[in-house]
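Residue-level structural notes
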Amino acid sequence: NHEIQSLFQMEKQSGIQGIALTKPESVDDLAHLNSIIRLMAQEKGGEQPLNKYARFKEDITLWYEEMDKYGLTKKEQKILEPIIKISYGMCESQERFMQLVQLPECGGFSLTWADKLRKSIAKKNPAEYDKLTKEFFEITAQKGCSRNFCSYVWNVLVATSKGYGFRMN
């Protein structure tokens, strides 16, 4: 009946709507939902992260189609699976995007660098985020990392979390 008696953040309207839309089946699903309901679309009129999560959760092949559309190889898709598949192709948390930028295939950035990225989003500092974006693409290019892979990680997966800290159009 979508009646929540007490579950952190889920008794609010956004949580009730999120539960109705995504039909969580596990504690992991609830944790992902709790993060995703806080995110906003990056572009005016863009798909809300909650709706994207619901689509991918209902049919995980849609995530693979998205990666195909961005030109990721099957090998690159396999690299993302251990980090992102548990959340149905969504990078909904700071920990996940920090893991992503530390992947050797994505530049192998240090934990310190990943934390700077986290802080730029959490502290709502778009100037620092822009600086890190430039640095990310320069370093990944220097290291010969796949442009398609790194663009997908940054512009799709990491960018999802920007909707928590700040909105950039």
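Treat the numbers as computed from the prediction; the structure is a model and nothing was measured.

Rules used in this analysis
Residues numbered from 1 in each chain as written. Predicted model: local features only at pLDDT ≥ 70, side-chain atom pairs only at ≥ 80, totals over all residues. Heavy atoms only, no water. Helix = DSSP H or I, 4+ residues; strand = E, 2+ residues; numbered from the N terminus. Buried < 20%, exposed > 50% of the residue type's maximum accessible area, 1.4 Å probe, protein only. Contact = heavy atoms within 4.5 Å. Core = buried A, V, L, I, M, F, W, Y, C linked by side-chain atoms within 4.5 Å. Salt bridge = Lys/Arg side-chain N within 4 Å of Asp/Glu carboxyl O. pLDDT = per-residue confidence, 0-100. Polar contact = N/O pair within 3.5 Å; in protein donor to acceptor, adjacent residues only side chain to side chain. Phe/Tyr/Trp six-rings, centres within 6.5 Å; stacked < 30°, edge-to-face > 60°.

Examining the overall build of the protein chain
When its secondary structure is counted, the protein chain shows nine helices and zero strands. Overall, the protein chain shows an N-to-C arrangement of helices and strands of α-α-α-α-α-α-α-α-α. Counting over 169 residues, the protein chain shows a buried share of 46%. For the protein chain, the proportion of contacts with a sequence separation of at least 24, taken over those separated by at least 6, is 57%.

Quick notes on unusual backbone geometry
In this structure, Tyr88 takes a positive phi of about 55° despite not being glycine. Examined against the element boundaries, Tyr88 turns out to sit in the loop between helix H5 (74-84) and helix H6 (94-102). Unlike most non-glycine residues, Lys124 shows phi in positive territory, near 55°. Counting through the fold element by element, Lys124 comes out in the loop between helix H7 (111-122) and helix H8 (126-142). Since its relative accessible area comes to 54%, Lys124 is described here as exposed.

Digging into the nonpolar core
Counting 43 residues, the largest nonpolar core has Leu80, Leu117 and Trp154 as the members making the most contacts within it. Of all elements in the fold, only helix H2 (27-36), helix H3 (49-58), helix H4 (61-69), H5, H6, H7, H8 and helix H9 (147-165) reach the threshold of two or more residues within this core. Tallying contributions element by element places H9 first for this core, with nine residues. Not counting the four nearest positions on each side in its chain, Leu80 is found in contact with Trp63, Met67, Leu72, Lys85, Leu100, Phe149, Tyr152, Val153 and Leu157.

A word on the pattern of salt bridges
Where charged atoms of side chains with opposite charge meet at close range, the side chains can pair. Counted by the stated rule, this structure contains eight salt bridges. Bridged by salt links that share partners, the residues Asp115, Arg118 and Lys119 form one connected network.

Some thoughts on the confidence of the model for the protein chain
Per-residue pLDDT for the protein chain averages 86, and the proportion of residues at 70 or more is 83%. Across residues 165-169, confidence stays below pLDDT 50; counting only partners more than four residues off in sequence or on other chains, it has 23 contacts.

Some details on the side chain of Lys57
Locating Lys57 in the fold gives a position in helix H3. You can call Lys57 buried: its relative accessible area is 16%. Here Lys23 takes part through its backbone oxygen, which lies 3.2 Å from a polar atom of the side chain of Lys57. Excluding residues that lie within four positions of it along the chain, Lys57 makes contacts with Thr22, Lys23, Pro24, Glu25, Asp29 and Tyr88.

Some words on the packing of aromatic side chains
All chains considered together, the criterion is met by 11 aromatic pairs. Where Trp63 meets Tyr64, the ring centres are 5.0 Å apart and the plane angle is 55°; that geometry is what we call tilted. What makes Trp63 buried here is its relative accessible area of 0%. Ring centres of Phe136 and Phe137 lie 5.0 Å apart, and the angle between their planes is 85°; on these two criteria the pair is classed as edge-to-face. Side by side, Phe136 and Phe137 carry an identical accessibility label, which is buried. Three or more aromatic residues joined by ring pairs make a cluster, and in this case those are Phe109, Trp113, Tyr129, Phe136, Phe137 and Trp154.

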